[in-house]
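Given next are the chains, with one letter for each unit.
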Amino acid sequence: MTATVPGAVGAALARLEGPEKVTGAARYAAEYRQEDVAYGWIVHSPVPRGRLNAVLADPAADALAVLWHGNAPRLEPADDPELDVLQSDRISYRGQPVALVVAATLEEARRAAQVVQLDIAAEEHDTVLRADHPGLYTPEKVNPAFPADTSQGDIEAALRDAPFTVDVTYRTPALHNNAMEPHATIARWDGDDLVLFDSNQHPSGIAAAVGTVFGLPPERVHVVTEHVGGGFGSKGSARPNAVLAALAAKVVGRPVKVVLPRQAMFSLVGYRTPTIQRIRLGAGPDGVLNAIDHVAIEQTSRLYEFAEQTTVATRHMYAAANRRTGHRLVRLDMPTPRWMRAPGEAPGMVGLECAIDELAEKLDLDPIELRIRNEPPVEPESGTPFTSRHFVQCLREGAERFGWAGRDPRPRQRREGDWWIGTGVAGAIYPTMAQPSAARARDLGDGSFEVSIAAADIGTGARTILAQIAADALGVPVERVRIRIGDSTLPKASVAGGSSGSASWGWAVTGACRELRDSGRAEAVFDSTEQVNQQEKDGRHAFGAHFAEVRVDAVTGEVRVSRLFGMYAAGRILNPRTARSQFLGGMIMGMGMALHEEGVLDPDMGQWVNHDLAEYHIPAHADVESIDAEWLDEQDEKINPMGSKGIGEIGIVGSPAAIVNAVWHATGIRVRDLPVRLDKLLAS
């Protein structure tokens, strides 16, 4: 076990589960065979606000049960009111579950749900976010626990006295999580114990949350999450499908499967709140910032407060003596916003990085040079030293690889046929986090080892990376390590979110494997809680720079992204193969944010009318012409035993702004309300 072997970490190892996935052997939540399984179909509220008086089921329908608040078993109150399903007559948003039909087949359940009659007393509703809404308030904190507002210096005086200023408002629309695998649960009761085959990002957390509403301790709820077809934050906490499946299984006395149809993904699983962001910047003739003011207006539901941390990234990005960030929230008769890839940073950096580009235009200064001149030596607000910060290096090396030199800073200067061509740049930042987790390592006695942790691989390659980390900690080839994840009965792990999975789980795996190696015992368990909690939380970030080249058709307004390039400083890259996939995936999602994605609201109905993938547009293969990502060889031993930073989300941070800035450079038109559609370009 102490023999020297080539290091596994850093190798471009293919995903261990790849053959299972491409052959169809990998089982997702809805694919576990159960004897005598029944099917649940959710009946959604057709109104955004009101009270449900009665549910009338067709007696001729082949239903095993029709559950609603009038007959459903009582649940214990949940920390998240969205899990208090079928417990009240109160309707808080359109699409809220108001009944569940259970039948022997999926077709029978769906048909019976279609003919259910709802007696609803509808009420006046309010579904529109606006800057002058009378219900705006300042939340106590924003996700997950940041202060809502920060302020230093005299921002108004600094802006008044600044020779060059920018005062702009950027808007981002509601964006929707649409993982390839919809949310799905099979629930089975084994006596008084509950088994859930559930698609989620946090088996341990789901066991605790669902256990709470059924009055069970977490150890009596067994959550199996072996493979997950994407999550992007929407599966980070328990969703109503898990509780409904368990509730129905208890009532009908057999396993029940509940799978959300695509349309329900737009109401039941969270979304990115729309934002209205006002950004004010003040600088001297040399481009040095003296004032940064960034305030975001957002929405939440009446059921549960979720305040996205839209302006928090601005607190860390650039130096300025006078600064303010803030968040204003309004409760609407809409579903609750929740995590979506890079919550806060993704929309917030659109506003900041586009405003920086506008300031560069006013100063007649290269936008890369402007960013470099405002590079802070320490955290701008707290003064905490950075563990590492190579943003400037990302800008310079990225510009060289992209071919930025010689760019004419004036807009609307380059045309080829009908196409205007422009280039843009934007910075990226994402916090480096680790959360307490535990892992177990076992010597199997035949030269192989088993490493167990209740982590979830949501398609990032986590299973493979943990095997690489374990192999190096044990000093054995990776082929001799078996990784067990995706099961709540394994040692407790943190959520697969916040780009913290590899750092959090890898820390625990490293500790367990080292302890096993050094102790000579057959089994070792390591809990990282004490070490993680002792860490300084500030001054820890991954950085990046995004570069985009776009073509805009002068006749039709069509926008094409010719090139998209990202240069990152994200600590030690544990697996270049999976890392590149994460970077590119984030950048493509950023392209969707810039050009395609938009929840289109019908205020009268209180719903997004484009609630399927036929009308909610996302990038297709043809939209991605040339895309690439590179990274610096960054060493940062202060952050965790592996020296790694999160990479799952930084690709979407800044890439939309780079594209929007490139559109301006091509056309001379500033689009400040995303997405950039052709009608917005042709109308200017």
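First things first, this report covers the structure right here in the doc. None of the values given here were measured: they were computed from a predicted structure.

### Here's the deal with the overall build of the protein
Scanning the protein for helices and strands turns up 15 helices and 30 strands. At 26 Å, the protein has a C-alpha radius of gyration in line with the 26 Å of a compact globule built from 684 residues. Each principal axis of the C-alpha atoms in the protein carries an extent, and together these give about 75 × 70 × 50 Å. Put simply, the protein has 684 residues, and 61% of those count as buried. Taking contacts inside the protein between residues at least 6 apart in sequence as the whole, the part at least 24 apart equals 81%. Only carbon and sulfur atoms are counted for the fraction: they give 50% of the accessible area of the protein, which is about 25,400 Å². With 69 positive and 89 negative side-chain charges, the protein shows a separation of 1 Å between the mean positions of the two kinds.

### Comments concerning the sheet that holds strand β13 (residues 193-198)
With mixed pairing, seven strands are arranged side by side in an open sheet as β3-β5-β1-β15-β12-β13-β14. Since the sheet does not close on itself, it has two edges, and those belong to β3 (65-68) and β14 (221-224), each with one partner. Put simply, the sheet's adjacent strands are angled 20° from each other on average, direction ignored. With four bridges joining them, β3 and strand β5 (residues 97-103) adopt antiparallel strand pairing. Counterpart to Val66 in the pairing with β5 is Val101. Set on the sheet, helix α2 (residues 106-114) makes contact with β1 (38-44) and β5; between it and β1 the angle comes to about 25°. Relative to β14, helix α4 (residues 203-213) is tilted by about 140°, and along the sheet it contacts β13 and β14.

### Re the pairing of strand β24 (residues 481-484)
The alternating pattern of β24 places Val481 and Ile483 on a buried face, while none of Arg482 and Arg484, on the opposite face, is buried. Inspection of the sheet shows strand β23 (residues 449-452) paired to β24 by four bridges, in the parallel sense. Within β24, the residue paired with Val451 across the bridge is Ile483. Once you follow β23 into helix α10 (residues 462-474) and on to β24, the crossover reads as right-handed.

### Focus: helix α9 (residues 391-402)
Helix length check: α9 (twelve residues) gives 16 Å between terminal C-alpha atoms against 16 Å at 1.5 Å per residue, within 8%. Buried residues of α9: Phe391, Val392, Cys394, Leu395, Gly398, Ala399 and Phe402, and no others. Taken around the axis of α9, the buried residues stretch over an arc of 160°, which confines them to a single face. Exposed side of α9, more than 90 degrees from the buried face: Arg396 and Glu400 are the residues found there. Check the buried side of α9 and you find it contacts α6 (314-317), α8 (367-373), β21 (419-431), β26 (541-553) and β27 (559-569). Gly403 sits one or two residues past α9 and shows a positive phi near 90°.

### Points about the environment of Leu86
The topology assignment puts Leu86 in the loop between β3 and β4 (90-91). When its relative accessible area of 4% is taken as the criterion, Leu86 is described as buried. Between the alpha carbons of Leu86 and Glu625 there is a distance of 48 Å; along the sequence they are 539 residues apart. Once residues lying within four places of it in the same chain are set aside, the contact partners of Leu86 are Leu67, Trp68, His69, Ala72, Arg74, Pro97, Val98, Ala99, Leu100, Leu244 and Leu247.

### Brief notes about the side chain of Lys257
Considering the arrangement of structural elements, one finds Lys257 in strand β15 (residues 256-259). From its side chain, Lys257 meets the backbone oxygen of Ala30 in a polar contact 2.8 Å long. Beyond its immediate stretch of four places on either side in the chain, Lys257 contacts Ala30, Val37, Ala38, Tyr39, Gly40, Thr185 and Ile186.

### Structural notes on the packing of aromatic side chains
Under the counting rule described, the total for this entry stands at twelve aromatic pairs. Put simply, the rings of Tyr318, Phe386, Phe391 and Phe543 touch in pairs and so form one group of aromatic residues. When the ring centre of Trp41 is taken as reference, the NZ or CZ atom of Arg110 above it lies at 5.6 Å. The positively charged end of Lys250 is found above the aromatic ring belonging to Trp189, 3.9 Å away from the centroid.

### Quick look at the state of the cysteines
Evaluated as defined, the whole model comprises zero disulfides. Free of any disulfide, Cys394 has its nearest cysteine sulfur in Cys354, 19 Å distant.

### Quick notes on the pairing of β27
Counting buried positions along β27 yields ten of eleven residues, so the element is predominantly enclosed. Strand direction decides the pairing type here: β26 and β27, joined by ten bridges, are antiparallel. Its bridge partner being in β27, Phe547 is matched across the sheet by Phe565. For β27 and strand β30 (residues 627-631), the ladder comprises five bridges, and the chain directions are parallel. Bridge pairing in β30 links Gly566 to Ala629.

### Quick notes on unusual backbone geometry
In this structure, the amide linkage connecting Asn143 to the following residue, Pro144, adopts the cis form with an omega of -10°. By the element assignment, Pro144 lies in the loop between β7 (141-142) and β8 (146-147). Of note, the bond from Leu674 into Pro675 is cis; its omega dihedral lies within 30 degrees of zero at 0°. Within the element layout of this structure, Pro675 appears in the loop between α14 (655-667) and α15 (678-682). The phi angle at Leu86 is positive, at roughly 60°, despite the residue not being glycine. Look at Ala342: it is not a glycine, yet its phi comes out positive at around 60°.

Reading the values: the criteria
Residues numbered from 1 in each chain as written. Predicted model: local features only at pLDDT ≥ 70, side-chain atom pairs only at ≥ 80, totals over all residues. Heavy atoms only, no water. Helix = DSSP H or I, 4+ residues; strand = E, 2+ residues; numbered from the N terminus. Rg over C-alpha atoms; globule rule 2.2 N^0.38 Å. Buried < 20%, exposed > 50% of the residue type's maximum accessible area, 1.4 Å probe, protein only. Contact = heavy atoms within 4.5 Å. Areas by Shrake-Rupley, 256 points an atom, 1.4 Å probe, with all protein chains shown as cover. Lys, Arg positive; Asp, Glu negative; His and termini not counted. Charge placed at Lys NZ, Arg CZ, Asp CG, Glu CD. Pairing = 2+ DSSP bridges. Axes fitted to C-alpha atoms, helices over the stretch in contact; angles between N-to-C directions. Right-handed = clockwise from strand over helix to strand, strands pointing away. Expected span 1.5 Å × (residues − 1). Arc of directions from axis to C-beta. Polar contact = N/O pair within 3.5 Å; in protein donor to acceptor, adjacent residues only side chain to side chain. Phe/Tyr/Trp six-rings, centres within 6.5 Å; stacked < 30°, edge-to-face > 60°. Lys NZ or Arg CZ within 6 Å of the ring centre and 35° of its normal. Disulfide = S-S within 2.5 Å.

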